[in-house]
Amino acid sequence: MKKVIFYVTFFITMCTTAQTKVGSVYFNNEDVFGETELMLNGAGTRDKLYAIALYLDLDFDVDNLNDGNKVADKDTNMAITIKLTSTMEGEELRQVIRNGMERATDGNSYVLEDQIRDFINLIPNEVKKFDIFRILHKKGGDITVFKNKTKVGTLKSLDFKKALFKIWLGDNPVDGTLKENLLSSIDPNPVLGKWKTFDAKTGVAINIVQVYMIKNQVFATIEKMLRQSQRDDICYDCVGEDKNQKVEGLVIVKGLKPVGDNKYQGGTYTNIKDGSVSDCQMWVEEGNQGILKVKYKGSRDIHEWKRVKDVKENK
């Protein structure tokens, strides 16, 4: 995943133009927290104080996405974005967190008192209308807080993260309707995610490709070569900035634009076998979101990439 993140950040601008309106504010359908790209799952408003959105990893998987406790307990990349819709004192916002932690832990927040203090100390004395707070959890318990575009601090505690997210997702959330909105899950873009590619002639799997979106254009990066002997291959025949680059981590699909429902074209595909670059299109057919159709100039076949939930399955 680190290679994918690196090549996403290479393109400078990290968010798409697609947004979802909640109340009077908008949330990006795909957003980047530091170097972590996540998908909007759901969003809602809390009185007239703030709007909040839940972002999950493309490969987020629980038995029941409507079970807020399971979502909050999951140790994986996820984030919450809070957009203030009124001006308040920092102490008021701190109290919102404290009260929410008491509810989330059934009155046992004292067990996490040190972490709570560290967290609320990251909140400034005054917060203004339209301020944006983003809370990113990365697998392992690392929590990073951003105010607007600035990173304001970090802490590490998986137990605190679970309780924090349960303020809005737990059995006793601050707002039941808001919880439902956060867990409602918008329709995901079926083209995005991890895909396994295959040799058209032999049917042998070749690699795992991550498909992602930047500014409403689709890109794809080779995340992993499945044949161990090819893990360190170099694309000597590639051209431009891709020449002599390692195949793992190479951006092989660039700049595909939407032309209809779940269909993209107008960009390029790089063939790692000979370095050739050709026009490319990809699409997902309705009712079969587990197959990504890919066609590029010079290939007589329509290639079928199969969705994979987790690259770990292929190690």
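This text gives an overview of the structure that appears in the document. (Residues numbered from 1 in each chain as written. Predicted model: local features only at pLDDT ≥ 70, side-chain atom pairs only at ≥ 80, totals over all residues. Heavy atoms only, no water.)

### Some points on the sheet that holds strand β3 (residues 30–33)
Point 1. Ordered in space as β3-β4-β5-β6-β9-β10-β11, the seven strands form an open sheet in which the pairing is antiparallel. In this open sheet, the two strands that pair with only one neighbour each are β3 and β11 (150–156). The sheet shows a mean angle of 30° between the axes of neighbouring strands, taken without regard to direction.
Point 2. Here helix α5 (residues 158–169) sits on the sheet and contacts β5 (50–56), β6 (78–84), β9 (132–138), β10 (142–147) and β11; the angle it forms with β6, its principal contact strand, is near 50°. (Pairing = 2+ DSSP bridges. Helix = DSSP H or I, 4+ residues; strand = E, 2+ residues; numbered from the N terminus. Axes fitted to C-alpha atoms, helices over the stretch in contact; angles between N-to-C directions. Contact = heavy atoms within 4.5 Å.)

### Remarks on the sheet that holds strand β12 (residues 193–198)
Point 1. Spatially, eight strands are ordered β12-β13-β14-β17-β18-β19-β20-β21 in a closed barrel, and the strand pairing comes out antiparallel. The sheet shows a mean angle of 30° between the axes of neighbouring strands, taken without regard to direction.
Point 2. For β12 and strand β13 (residues 205–214), the ladder comprises five bridges, and the chain directions are antiparallel. Across the sheet, the residue bridging to lysine 194 is glutamine 210, located in β13.

### Considerations on the state of the cysteines
Point 1. For the structure on display, the rule yields one disulfide.
Point 2. In this model, cysteine 235 is linked to cysteine 238 through a disulfide, with the two sulfur atoms separated by 1.9 Å. A torsion of 75° about the S-S bond marks the disulfide between cysteine 235 and cysteine 238 as right-handed.
Point 3. We classify cysteine 235 as buried; its relative accessible area is 2%.
Point 4. We classify cysteine 238 as buried; its relative accessible area is 2%. (Disulfide = S-S within 2.5 Å. Buried < 20%, exposed > 50% of the residue type's maximum accessible area, 1.4 Å probe, protein only.)

### Describing the packing of helix α3 (residues 90–104) against helix α4 (residues 113–120)
Point 1. It is the contact of α3 with α4, at a shortest axis distance of 10 Å, that shows an interaxial angle of 155°. With respect to α4, the element α3 is oriented roughly antiparallel. For the crossing formed where α3 meets α4, the hand is right-handed. Judged by residue contacts, Arg94, Ile97, Arg98 and Met101 of α3 engage Glu113, Ile116, Arg117, Phe119 and Ile120 from α4.
Point 2. When its residues are assigned to classes, the contact of α3 with α4 shows five nonpolar, no polar and four charged. (Parallel < 35°, antiparallel > 145°, perpendicular 65-115°, else oblique. Left-handed = near helix turned anticlockwise from the far one by under 90°. Nonpolar A, V, L, I, M, F, W, Y, C, P; charged D, E, K, R; others polar.)

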